[in-house]
Amino acid sequence: MGRTLVSTTLGAIAAATLLVVALWIWSELLITRSYPLAPETARAGPAHMAAEGRRLAKLYGCTSCHGADLQGKVYNPSPRLVRNYAPNLTLAAARYSDEQLAQAIRQGVRPSDGRALWGMPAQTLMHLTAEEMSTVLAFIRAHPPAGVPRPPQSAGLRARLEVLRGALDEPRRVARARATPAMDLGPELAAGRHIARTVCSECHGSDLAGDPREGGPDLRVVGAYDAEAFDTLMRTGVPPGGRHLGIMTLVARSDFKVFTQAEVEALYAYLSARANRLNEID
């Protein structure tokens, strides 16, 4: 009886060990996988565009991850998931052409080896217009090479499980975003839709219907705001009632403060119209 129990226990341990090893190897194959790069047409704008590029880089969250000086920094220090450093863009820009930088930004793939760039929100930045890309590249090119290279990403067990389910695979996230676009409400609201796709969709999903993984709710909630309350939300991160909205409050105070008034109004016009359309459908 005792020998049978020991044998069963050892068998279960061996099976569990083999499963962990197999999953580890599988995740490593996915982590080191190379993706094909689609050609990009991009060119950095002249130096005078760098100031507007700085504003857009803040709005898109580039400086939040890569730092105000673009020299990179750690943005997820938890080794249980992934200790991830945003690369030093001043050094990357010295190695890459404008077209290669656009590939990294829009496709979430490292041009040098085709591997996925974890944390690069390509599913939102793929919507940048040629002019916006040119402006952001002008800002990047305004920084001469400086600082040190940042360490490569280091995946823990939780990160590997996320890899296995495709959560950290930027090319796959780009494909999913293309398959579930934000509602098109016509040319009159196209400007607001574009802002929602390039800024809001990172946390609220490509279709703006909410993303549980990122914590963003369906932006249908904007239907409950009037224009003044929405403006206050975007400028301060404070909704009616004064609640702290977590990352929304933090991002509004750090990044969204660079929104122009016209951009806030265009975004409100689109999101409120989207909410009304969804209410009609229901």
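Criteria and cut-off values
Residues numbered from 1 in each chain as written. Predicted model: local features only at pLDDT ≥ 70, side-chain atom pairs only at ≥ 80, totals over all residues. Heavy atoms only, no water. Helix = DSSP H or I, 4+ residues; strand = E, 2+ residues; numbered from the N terminus. Buried < 20%, exposed > 50% of the residue type's maximum accessible area, 1.4 Å probe, protein only. Contact = heavy atoms within 4.5 Å. Lys, Arg positive; Asp, Glu negative; His and termini not counted. Charge placed at Lys NZ, Arg CZ, Asp CG, Glu CD. Axes fitted to C-alpha atoms, helices over the stretch in contact; angles between N-to-C directions. Parallel < 35°, antiparallel > 145°, perpendicular 65-115°, else oblique. Left-handed = near helix turned anticlockwise from the far one by under 90°. pLDDT = per-residue confidence, 0-100. Nonpolar A, V, L, I, M, F, W, Y, C, P; charged D, E, K, R; others polar. Expected span 1.5 Å × (residues − 1). Salt bridge = Lys/Arg side-chain N within 4 Å of Asp/Glu carboxyl O.

Points about the overall build of the chain
Reasoning step 1: Along its length, the chain carries 13 helices and 3 strands.
Reasoning step 2: With the principal axes as the frame, the chain shows a C-alpha extent of 75 × 50 × 35 Å.
Reasoning step 3: Taken across its 282 residues, the chain has 44% of its residues classed as buried.
Reasoning step 4: Considering only intrachain contacts with a sequence separation of at least 6, the fraction spanning at least 24 residues in the chain is 68%.
Reasoning step 5: Computed over 32 positive and 27 negative side-chain charges, the inter-centroid distance for the chain is 9 Å.

A word on the packing of helix H11 (residues 227-236) against helix H13 (residues 261-281)
Reasoning step 1: Running from amino to carboxyl end, H11 crosses H13 at an angle of 120°, the nearest separation of the two axes being 10 Å. Judged on the interaxial angle alone, H13 and H11 are oblique. Like other packed secondary-structure pairs, H11 and H13 cross with a definite hand, here right-handed. In this structure, H11 contributes Ala227, Phe230, Asp231, Met234 and Arg235 to the contact, and H13 contributes Gln261, Val264, Leu267, Tyr268 and Leu271.

Description of the confidence of the model for the chain
Reasoning step 1: Here the chain averages 89 in pLDDT, while 93% of its residues score no lower than 70.
Reasoning step 2: Mean pLDDT in the chain bottoms out at strand E2 (residues 82-85), which sits at 69, and peaks at helix H7 (residues 130-141), which reaches 98.

Points about the packing of helix H10 (residues 190-204) against H13
Reasoning step 1: Where H10 meets H13, the closest approach of the two axes is 7 Å, and the angle between their N-to-C directions is 95°. As the angle between them shows, H10 and H13 are arranged roughly perpendicular. The residues of H13 that touch H10, namely those facing Ala191, Gly192, Arg193, Ile195, Ala196 and Cys200, are Glu263, Ala266, Leu267, Tyr270 and Leu271.
Reasoning step 2: When its residues are assigned to classes, the contact of H10 with H13 shows 8 nonpolar, 1 polar and 2 charged.

Description of the environment of Asp211
Reasoning step 1: One can find Asp211 in the loop between H10 and H11.
Reasoning step 2: Taking the C-alpha atoms as reference points, Asp211 and Gly108, 103 residues apart in sequence, are found 19 Å from one another.
Reasoning step 3: Among residues more than four places away in sequence, those in contact with Asp211 are Cys203, His204, Gly205 and Gly216.

Observations regarding unusual backbone geometry
Reasoning step 1: Even without a glycine there, the phi angle at Leu70 is positive, about 65°.
Reasoning step 2: Assignment of secondary structure puts Leu70 in the loop between helix H3 (62-66) and strand E1 (74-76).
Reasoning step 3: Although it is not a glycine, Leu208 sits at a positive phi angle of roughly 65°.
Reasoning step 4: Relative to the assigned elements, Leu208 resides in the loop between H10 and H11.

Focus on H13
Reasoning step 1: For H13, spanning 21 residues, the distance from its first C-alpha to its last is 30 Å, which sits close to the expected 30 Å at 1.5 Å a residue.
Reasoning step 2: Contact partners of the buried residues in H13: helix H2 (50-59), H10 and H11.

Some thoughts on the pattern of salt bridges
Reasoning step 1: Tallied over the entire structure, the rule returns 10 salt bridges.
Reasoning step 2: A salt bridge links Asp218 to Arg274; the shortest N-O distance between them is 3.1 Å. Of the two residues, Asp218 is situated in the loop between H10 and H11 and Arg274 in helix H13; the sequence distance between them amounts to 56 residues.
Reasoning step 3: It is possible to trace a salt-bridge network through shared partners that takes in Glu52, Arg55 and Glu263.

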